[in-house]
Amino acid sequence: MNEIKKTIAIKRICCIGAGYVGGPTMAVIADKCPDIKIDVVDINEKKVEKWNSSDFQLLPVYEPGLEEILKRCRGRNLTFSNEIENKISKADMIFISVNTPTKHSGIGKGKASDLKWVEECARKVAQFAEGYTIVVEKSTLPVRTAEVIKSILERTEYPKSSNSKIFDVLSNPEFLSEGSAINDLENPDRVLIGGDNSYAVESLISIYKRWVPEEKILRTNIWSSELAKLTSNAFLAQRISSINSISALCEATGADIREVSRAIGSDKRIGSEFLNSGPGFGGSCFKKDILNLVYLSEHFGLPEVADFWESVVRLNKWHQHRISRLITKKLFGTLSDKKIGILGFAFKANTNDTRESSAIQICKDLIEEGAILSIHDPKVSEEQIFNDLNPMNKNAKNHKISRWKLVDNIKDTFYQADAVVIITEWEDYKEIEWGETVNLMRSPSWVFDTRSIVDKNKLKNLKLNFWQIGNGAIKTENNFL
Ligand code: NAD
Ligand code: UGA
């Protein structure tokens, strides 16, 4: 790859992929850099339409704070469109922010990342970019993907007129969490930039420097940057599987997971964050990124390393099934035609994203046992739940009508229900007036709190059985509190 010998002033950015990362990330860059024109492009026309909608309820991504930024930037220096080739040709810097799901077939099936969307982007960039262009990996990618991108950029045959193309490739993984994306982007713990051309690196730094303190901008080689992103997600997920494994032990021994979390989290070396036991981790990335790490470890002949990380995913799956088995057991071993209310379907609060949500596995298990579900979520659509619960089923419509429905009102999940299961920690669920709602249920009634958001003191004297994740101190089987 040719080296260009000066830092270029970035005037125009193109981001390929208008998803949970591309949309919010570019919105924040546009907000912080009004002099840079940013074009976000996507192959999905419907999604682009939603990004451009004047009704902000229709945005494809729900993130607190996003609407305000879009009101300031959209149409000023931020656009969303399907004009991929045109916008690529105008850009000085191109972010690749497309999806990188797990492969479903072929070599590495079930573990390796499917890079077909990334490759497609690289080919388009090779074909349509003009002059010197910095290509930035924003998607989470297996180590050494930059090599693949570089070789596509170098080897694609360009039209004769455009032999002046020069590319540099950087890795700039994204660490935002859904639900707090805007705050994470505005106040990141760090910005990581991997690359071997210092001019390209400095050009990208010149953008972040406008709002991120320099000491938080880390420069590494490109492979460290790619691997650090996978490792970061693997470590975070590992903490959740660790604490969830201990929650099961708490329930067996009479200990309380919240007390255990507080006690261990007070040790500065462990730290107090990310120690909340829940229904198991969800989200589009933890599982996929760990499995990617597992694949890479196997590929490089490190089966023990692969096995260590795979156990984090195995534990998570076991934990989700543990919850549905436990519900069945408490309801006398059968759920046949029992009504169960489900509070929350998103994989965490403050997002409309359901990818890998524990709600999917738990609901499927309960339906399998014969339960009829009333599902509530303030942000997730019926269409989304339908796709998640019936991905393949051709007769799904009928199945859906008889086995689950989405309700608008929290109270409707309680109506005639044998049990209500809290799966997502939405604020609204913390405000439930238990005295009113419990009376709507069929006795003996149960509440299963997989997020530890219910204050059990508020349930005193109510005719209710209560189970809370990792709370071995509650002994309620066939006893009211
Ligand atoms: P997403 O599925 O929400 O969005 C990806 C978008 O890319 C889609 O809108 C899709 O239509 C578009 N796309 C795919 N191929 C394209 C092409 N050839 N041309 C134009 N557009 C194309 O995915 P996401 O959640 O935004 O994740 C993107 C990447 O960022 C992934 O690698 C993910 O691991 C990583 N990441 C995600 C998060 C997160 O919180 N979701 C956080 C950090 C990193
Ligand atoms: C995660 C990482 O936190 C981000 O840094 C990363 O950029 C992102 O993945 C990614 O690469 O996609 P996200 O998946 O949006 O972000 O959400 P998290 O807050 O990490 O939560 C993931 C899952 O773990 C959720 O299901 C959440 O409920 C669960 N969780 C989290 C717990 O069960 N307990 C906790 O203490 C924290």
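Small disclaimer: the values here were computed from a predicted structure and weren't measured.

Digging into a nonpolar patch on the surface
No. 1: Side chains of F300, L302 and V305 sit close together on the surface and give an oily, nonpolar patch of about 270 Å² of accessible area.
No. 2: Its place among the elements puts L302 in the loop between helix 11 (286–299) and helix 12 (303–330).
No. 3: For L302, a relative accessible area of 41% puts it in the partly exposed group.

Overview of empty space enclosed by the protein
No. 1: Applying the stated rule across the entire model yields two cavities of 30 Å³ or more.
No. 2: Lining the largest cavity we find E137, S139, T140, L141, S171, P173, S225, E226 and K229.
No. 3: It is helix 9 (residues 222–253) that provides the largest number of residues to the lining of the largest cavity, a total of three residues.
No. 4: Of the residues that constitute the lining of the largest cavity, the class distribution is two nonpolar, four polar and three charged.
No. 5: By volume, the second largest cavity amounts to about 30 Å³.
No. 6: Lining the second largest cavity, in full, are L115, V118, E119, A122, T145, V148, I149 and I152.
No. 7: Elements represented by at least two residues in the lining of the second largest cavity include exactly helix 5 (116–128) and helix 6 (145–155).
No. 8: Take the lining of the second largest cavity: its biggest share by element is four residues, from helix 6.
No. 9: Classifying every residue of the lining of the second largest cavity gives six nonpolar, one polar and one charged.

Overview of the sheet that holds strand 14 (residues 465–468)
No. 1: Judged by pairing direction, the sheet is parallel, and its six strands sit side by side in the order 11-10-9-12-13-14 without closing on themselves. This sheet does not close on itself; its edge strands, each paired only once, are strand 11 (404–406) and strand 14. Going across the sheet, the axis of each strand differs from the next one's by a mean of 15°, ignoring polarity.
No. 2: The pairing of strand 9 (residues 339–343) with strand 12 (residues 419–422) spans four bridges and is classified as parallel. Looking at strand 12, one finds that I340 is bridged to A419.

Some thoughts on the side chain of K111
No. 1: Within the secondary structure layout, K111 lies in the loop between strand 4 (93–96) and helix 5.
No. 2: Polar contacts involving the side chain of K111 include one to the side chain of E298, which spans 3.1 Å.
No. 3: Those residues in contact with K111 that lie beyond four places of it in its chain are T102, K103, K288, L291, N292, V294, Y295, E298 and E310.

Concerning the nonpolar core
No. 1: Of all hydrophobic cores here, the largest spans 51 residues; its most connected members are I340, I342, F345, L366, L373, I375 and W434.
No. 2: When residues in this core are grouped by element, the largest group, six residues, is from helix 13 (residues 358–368).
No. 3: Ignoring anything within four residues of it in the chain, the contact list for I340 reads I327, L331, L335, L366, A371, I372, L373, S374, A419 and V421.
No. 4: Judged by nonpolar contacts, the second largest core, of 47 residues, contains I29, F56, I182 and L185.

Remarks on the site of ligand 2
No. 1: Lining the immediate surroundings of ligand 2 are 19 residues, of which F175, L176, E178, N276 and C285 lie closest.
No. 2: Taking E174, its main chain carries an N or O atom lying 3.4 Å from an oxygen atom of ligand 2.
No. 3: Within the contact set of ligand 2, an oxygen atom lies 2.7 Å away from a backbone nitrogen or oxygen of L176.
No. 4: Of the residues assigned to the shell around ligand 2, the class counts are 10 nonpolar, four polar and five charged.

Criteria and thresholds
- Residues numbered from 1 in each chain as written.
- Chains lettered and ligands numbered in written order.
- Predicted model: local features only at pLDDT ≥ 70, side-chain atom pairs only at ≥ 80, totals over all residues.
- Heavy atoms only, no water.
- Patch = residues over 30% accessible without salt bridge, like charges linked within 9 Å, V, L, I, M, F, W, Y side chains within 5 Å.
- Areas by Shrake-Rupley, 256 points an atom, 1.4 Å probe, with all protein chains shown as cover.
- Salt bridge = Lys/Arg side-chain N within 4 Å of Asp/Glu carboxyl O.
- Helix = DSSP H or I, 4+ residues; strand = E, 2+ residues; numbered from the N terminus.
- Buried < 20%, exposed > 50% of the residue type's maximum accessible area, 1.4 Å probe, protein only.
- 1 Å grid on protein atoms, 1.4 Å probe; cavity = no way out; pocket = protein on both sides within 12 Å on 5 of 7 lines; lining within 4 Å.
- Points joined across faces, edges and corners; volume = space filled by probe spheres on them.
- Nonpolar A, V, L, I, M, F, W, Y, C, P; charged D, E, K, R; others polar.
- Pairing = 2+ DSSP bridges.
- Axes fitted to C-alpha atoms, helices over the stretch in contact; angles between N-to-C directions.
- Polar contact = N/O pair within 3.5 Å; in protein donor to acceptor, adjacent residues only side chain to side chain.
- Contact = heavy atoms within 4.5 Å.
- Core = buried A, V, L, I, M, F, W, Y, C linked by side-chain atoms within 4.5 Å.
- Near = heavy atom within 4 Å.

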